[in-house]
Each structure stands twice: as structure tokens, then as C-alpha cells.
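One-letter residues, chain by chain:
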Amino acid sequence: QVQLVESGGGLVQAGGSLRLSCVASGSIFSINAMGWYRQAPGKQRELVARITTGGSTNYADSVKGRFTLSRGDAENTVYLQMNSLKPEDTAVYYCNARLSTTPLSVDNIYWGQGTQVTVSS
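Cut-offs applied
- Residues numbered from 1 in each chain as written.
- Predicted model: local features only at pLDDT ≥ 70, side-chain atom pairs only at ≥ 80, totals over all residues.
- Heavy atoms only, no water.
- 1 Å grid on protein atoms, 1.4 Å probe; cavity = no way out; pocket = protein on both sides within 12 Å on 5 of 7 lines; lining within 4 Å.
- Points joined across faces, edges and corners; volume = space filled by probe spheres on them.
- Helix = DSSP H or I, 4+ residues; strand = E, 2+ residues; numbered from the N terminus.
- Nonpolar A, V, L, I, M, F, W, Y, C, P; charged D, E, K, R; others polar.
- Phe/Tyr/Trp six-rings, centres within 6.5 Å; stacked < 30°, edge-to-face > 60°.
- Buried < 20%, exposed > 50% of the residue type's maximum accessible area, 1.4 Å probe, protein only.
- Pairing = 2+ DSSP bridges.
- Axes fitted to C-alpha atoms, helices over the stretch in contact; angles between N-to-C directions.
- Salt bridge = Lys/Arg side-chain N within 4 Å of Asp/Glu carboxyl O.

(A) Quick peek at empty space enclosed by the protein. Within this structure, the stated rule accounts for one cavity of 30 Å³ or more. The space that makes up the largest cavity amounts to roughly 50 Å³. Every residue along the wall of the largest cavity is listed here: Ile31, Asn32, Ala33, Met34, Ile51, Thr52, Thr53, Arg71 and Glu75. When contributions to the lining of the largest cavity are tallied by element, the ones reaching two or more residues are strand 4 (30–39) and strand 5 (46–52). When residues in the lining of the largest cavity are grouped by element, the largest group, four residues, is from strand 4. When grouped by side-chain class, the residues that make up the lining of the largest cavity number four nonpolar, three polar and two charged.

(B) Focus on the packing of aromatic side chains. Per the stated rule, a full pass over the model turns up two aromatic pairs. Seen in terms of ring centroids, Tyr37 and Trp111 are 5.1 Å apart; in terms of plane orientation they differ by 70°. Their pairing is edge-to-face. In this pair, Tyr37 sits in strand 4 while Trp111 sits in strand 10 (residues 108–111), placing the two residues 74 residues apart along the sequence. For Tyr37, a relative accessible area of 17% corresponds to the buried category. On the basis of relative accessibility, which here comes to 37%, the residue Trp111 falls in the partly exposed class.

(C) Region of interest: the sheet that holds strand 8 (residues 77–82). Pairing is antiparallel in the open sheet, where four strands are placed in the order 1-3-8-7. The strands lining the two open edges of the sheet, one partner per strand, are strand 1 (2–7) and strand 7 (67–71). Each neighbouring strand pair of the sheet contributes to a mean axis angle of 15°, computed without reference to strand direction. Examined bridge by bridge, strand 3 (residues 18–26) and strand 8 share six bridges and lie antiparallel to one another. Opposite Ser21, over in strand 8, you have Tyr79 as the bridge partner.

(D) Spotlight on the pairing of strand 7. Pairing of strand 7 with strand 8, which is carried by five bridges, proceeds in the antiparallel orientation. Across the sheet, the residue bridging to Leu69 is Leu80, located in strand 8. Where strand 7 hands over to strand 8, the hairpin turn is made up of five residues, counted between the paired strands.

(E) Here's a closer look at the pattern of salt bridges. Scanning all chains against the criterion turns up five salt bridges. The residue Glu46 makes a salt bridge to Arg38 at a minimum N-O spacing of 2.7 Å. A salt bridge links Asp89 to Arg38; the shortest N-O distance between them is 3.0 Å. In this pair, Asp89 sits in the loop between strand 8 and strand 9 (91–100) while Arg38 sits in strand 4, placing the two residues 51 residues apart along the sequence. On the basis of relative accessible area, Asp89 is assigned to the buried category, the value being 1%. Among the charged side chains, a salt-bridge network with shared partners connects Arg38, Glu46, Arg66 and Asp89.

See below:
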């Protein structure tokens, strides 16, 4: 069984910063991509940032230059440093991982439970 546990959400004023953390645990063989999505009320879930095994990182245009995704020393951990936050960044942020649980299994997608980020104006 695989779990993604997020932490670090909260309430912050516009222009402030928050750091989200996500740790993947359980029966994991290989993590091939890991990152964050977000979903604001009434909107579809969208990619915020993602990093692949090779270290390639991509960001949504709306967060480029403000958010930084990084991996911890252990490859099962990612951090999302969010600076210069705007009210439009308000959403539930979900950790996402594409991983395999055995050497012969295909990749599956896993989600965390979500953490609320609220940016006040």
C-alpha cells in the first residue's frame, strides 16, 4: 500500500510564502515522477509543478518564477516552495506520484489527501 502525506498548507497574506512537503511511503519500487496539482473551487484540477526521475522539472506558466519544486535527499520526498503568493493561488494542493510497486508492475498514479492553501488579499 502506498501513501502520500502532505504538510505545510495554511493561510498567508498576498506576497507571503509557504512551503509544502510530500512524503511517499509504503511498498514502493520506483518513483518516476512526483509533484503537485491544485484545485480551486469550481475549477478543474491543474498541474502546478512536477519533477521526473531524471531531474526534469516543469511548471505551470502561472507559477513560473514564484514556485520552486525540489526533491529531498530521499527520492520519496518533494518540496514546493511558494513565494510571492497571490489570492489566485488559493486552492487545495494535492501531491501526486507516478510510481511502480514491484520491478515488473506498470506505473500507477497516487494522490495525497490534499492540503488547503489560502492567500488573502
